Amino acid sequence: MKKLLLLLIIISICSCKTRVDAVTDSPERLGFVADKAMVVSARKEASGIGLSILKKGGNAFDAMIATEMALAVVYPYAGNLGGGGFMVYRKANGETGTLDYREKAPLLSTKDMYQDENGEVISNLSKVGCMAVGVPGTVAGIFSVHEKFGSMPMEEILKPVIALARNGYVVTENQEASLARYREMFVQVNKDSILYSGDFAEGDTIRNFALAGTLQRIAENGRDEFYNGRTGERIIAYLQRQKGIMSMQDLREYQTFWRKPINMEYNDLNIISMPPPSSGGIVLGQILKVIEDYPIDEYGHNSVKTIQVLTEAERRAYADRSFYLGDPDFVDIPVDVLLGENYLEGRMENFSFSEATPSSEIEHGEIAGYESMETTHYSIVDQFGNAIAATTTLNGAYGSKLYVEELGFFLNNEMDDFSAKPGVPNMFGLIGAEANSIAPGKKMLSSMTPTIVEKKGKLWLTLGSPGGSTIITSVLQTILNVEEYNMTMQEAVNAPRFHHQWLPDEILFEPNAFNAEILKSLKAKGYHINEGESTVIGKVDAIRVLPNGKLEGGADRRGDDTAAGF
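Calculation criteria
- Residues numbered from 1 in each chain as written.
- Predicted model: local features only at pLDDT ≥ 70, side-chain atom pairs only at ≥ 80, totals over all residues.
- Heavy atoms only, no water.
- UniProt positions renumbered as here; feature names shortened; annotations may be inferred.
- Phe/Tyr/Trp six-rings, centres within 6.5 Å; stacked < 30°, edge-to-face > 60°.
- Buried < 20%, exposed > 50% of the residue type's maximum accessible area, 1.4 Å probe, protein only.
- Pairing = 2+ DSSP bridges.
- Helix = DSSP H or I, 4+ residues; strand = E, 2+ residues; numbered from the N terminus.
- Contact = heavy atoms within 4.5 Å.
- Axes fitted to C-alpha atoms, helices over the stretch in contact; angles between N-to-C directions.
- Core = buried A, V, L, I, M, F, W, Y, C linked by side-chain atoms within 4.5 Å.
- Parallel < 35°, antiparallel > 145°, perpendicular 65-115°, else oblique.
- Left-handed = near helix turned anticlockwise from the far one by under 90°.
- Nonpolar A, V, L, I, M, F, W, Y, C, P; charged D, E, K, R; others polar.
- Salt bridge = Lys/Arg side-chain N within 4 Å of Asp/Glu carboxyl O.

Per an unreviewed UniProt entry, the recorded name for the protein chain is Glutathione hydrolase proenzyme, and the organism is Autumnicola musiva. What the UniProt record of the protein chain gives under Subunit (unreviewed entry) is the line "This enzyme consists of two polypeptide chains, which are synthesized in precursor form from a single polypeptide."

Colleague: Give me the lowdown on the packing of aromatic side chains, citing residues and values where you can.
Modeller: Where two aromatic rings form a pair, the distance of their centres and the angle of their planes describe that pair. One pass over the structure, following the stated rule, counts 26 aromatic pairs. Look at Phe-323 and Tyr-324: their rings are 4.8 Å apart centre to centre, the planes differ by 85°, and that puts the pair in the edge-to-face class. Looking at Phe-323, the relative accessible area reads 33%, which means it is partly exposed. When its relative accessible area of 1% is taken as the criterion, Tyr-324 is described as buried.

Colleague: Mind laying out the sheet that holds strand E18 (residues 529–531), listing which residues take part and the relevant values?
Modeller: The sheet built from three strands is open, its strands ordered E16-E17-E18 with mixed pairing. What marks the edges here is a single partner per strand, and that holds for strand E16 (498–499) and E18. Along the sheet, helix H18 (residues 516–524) contacts strand E17 (507–509) and E18; its crossing angle with E18, the most-contacted strand, is approximately 145°.

Colleague: How would you summarise the nonpolar core if you had to cite specific residues and measurements?
Modeller: Membership of the largest hydrophobic core comes to 94 residues, with the highest contact counts inside it found for Leu-81, Met-87 and Ile-388. By size, the runner-up hydrophobic cluster in this structure holds 82 residues, among which are Ile-333, Leu-344, Val-453 and Trp-502.

Colleague: An account of the packing of helix H2 (residues 44–55) against helix H3 (residues 60–74) is requested, with residue identities and associated values reported.
Modeller: When two helices pack together, their arrangement is captured by the angle between the axes and the distance separating the axes. Packing of H2 against H3 brings their axes to within 8 Å, and their N-to-C directions diverge by 155°. Comparing their axes, H3 and H2 come out roughly antiparallel. Of the two elements, H2 crosses H3, and the hand of that crossing is right-handed. Contacts between H2 and H3 involve Glu-45, Ala-46, Ile-49, Gly-50, Ile-53 and Leu-54 from the first element and Ala-60, Asp-62, Ala-63, Ala-66, Thr-67, Ala-70, Leu-71 and Val-74 from the second. Looking at the contact of H2 with H3 residue by residue, the classes come out as ten nonpolar, two polar and two charged.

Colleague: So what about the pattern of salt bridges? Which residues, and what values?
Modeller: Going through the model one piece at a time under the given rule, you end up with 26 salt bridges. Across the pair Glu-45 and Arg-43 runs a salt bridge, and its minimum N-O distance is 3.0 Å. As far as burial versus exposure is concerned, Glu-45 and Arg-43 are alike and both buried. Each of the salt bridges in this network shares a partner with another, and the network as a whole consists of Asp-100, Arg-259, Asp-329 and Lys-443.

Colleague: Mind laying out the environment of Ile-333, listing which residues take part and the relevant values?
Modeller: You can see Ile-333 is positioned in the loop between helix H13 (304–324) and helix H14 (335–338). Judged by relative accessible area, Ile-333 falls into the buried class, the value being 16%. On a C-alpha basis, the gap between Ile-333 and Gly-229 in space is 36 Å, while along the polypeptide they are 104 residues apart. With residues up to four places along the chain from it excluded, the contact list for Ile-333 reads Pro-276, Ile-282, Tyr-324, Leu-325, Gly-326, Pro-328 and Leu-338.

Colleague: Could you give me a rundown of the sheet that holds strand E14 (residues 451–455), with the residues and numbers involved?
Modeller: Spatially, the seven strands line up as an open sheet ordered E1-E20-E19-E15-E14-E9-E8, and their pairing is antiparallel. Edge positions in the sheet fall to strand E1 (33–34) and strand E8 (262–266), since each of these pairs with one other strand and no more. For strand E15 (residues 458–464) and strand E19 (residues 541–545), the ladder comprises four bridges, and the chain directions are antiparallel. Within E19, the residue paired with Leu-463 across the bridge is Ala-542. This element, helix H16 (residues 471–483), spans E8, strand E9 (269–273), E14, E15 and E19 of the sheet and lies at about 140° to E15.

Written as structure tokens, this is what we have:
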């Protein structure tokens, strides 16, 4: 029975062709292993197309473009042309950097645009429909990557993606449930049926001819097709029919930014992550620096003490997130101070193992002088030694729910990631402050945390996750699972996760995954426990470089995620 169960798990998680032994891990514990190159993403079709580019001699950046666009075809829940994202990279020579292709607020945006005449936030205005849409950055992102690092013609990279959209992809069980859940809302918001409001069942094939046409024009005409051409004009005409505020000027003025990554040390690791307007790198860094003095390996994985230490570190870091972080092009962010020892050494001084520290007693730290559940992540390592971690999103599931039928894609609802009103939570319960208030052309704060980890100066992990505010803690726990608890990549990704974000003051646990006695002990210490009925905390897609130089994939069991490699 145990052997049968293991076999079923392996089949369901990985597109495994062979099992390859590693130096220190038994084959039974490992995820999918490849000799030279690997792509791990939310769908097997996207991983397969990314891998096909690598097999043709393309590099990780070419494969990034292909995978990103393939996800827009097969995973409209979060994959997109109408959203944005972040990428962290490490070249084979050790050079690192990040790309910010996050959405931004339209030029006609105002600070109080989601408030009524009494200053109260209007429910759903920032979440559904035309006023929720930020200026998309994904297409600009792939062209920025191509211009700087691409080695293949864009038309060749997009060719298999266009064929995928035209020939179709097969609906999975998870996708059937997702489309059914939002079917009525699609019709309501769009005031008509759309491609994805059809009654699709597992095994059906979806063909998106409109998206194939859009991708073909982008391949032929380049970036301008989306930001200053026919496709862009259709986006704006559609939004204006919906009474939206975005204009062609917004599209023409959109820019991506190459930014310096957040670097932090933990044990013998160098962790390279995303800077603002992502909160991921700073919050991840704060938590790791705070917990480094606690022997969590001795406490044990998901033990009461380990959960306490991580929870208390998380609540303090998320309190800082809510106050200090925003778009660095609009607000001054004291990055070095927030990650400095002088600031962090006192953040846990009121923590005791005997009882919880209520979030009501935790505020942001004082400095002298001074994000979405529905996201998707993919990781790539190529045969040349380059690695990328990229996270992309529409924010909520299918974004604003607005679907441009003639173009074949959904538009984001990223405006909800701003502080509609300081002190009022967004759809993920995150509290925002003035630093993340709305302003024309400003980029909204994100929790996306694409991350690359070096061990003793060499590439070791590339990982990230969807999950809104739970992204950061999912990435954190996955790194700790490998580093502190000697898990394989697949074991680290599969392990049960928990999450705390300061407010609401509760620890969110994956249901039916934690020992009842541990939860009882935490409650006795004053912790508020929330085991959501169907809570999914992150869906991590990761790659680990094994001691023998081969690659192990970690494709999250919580979705249709798949590792592919050669």
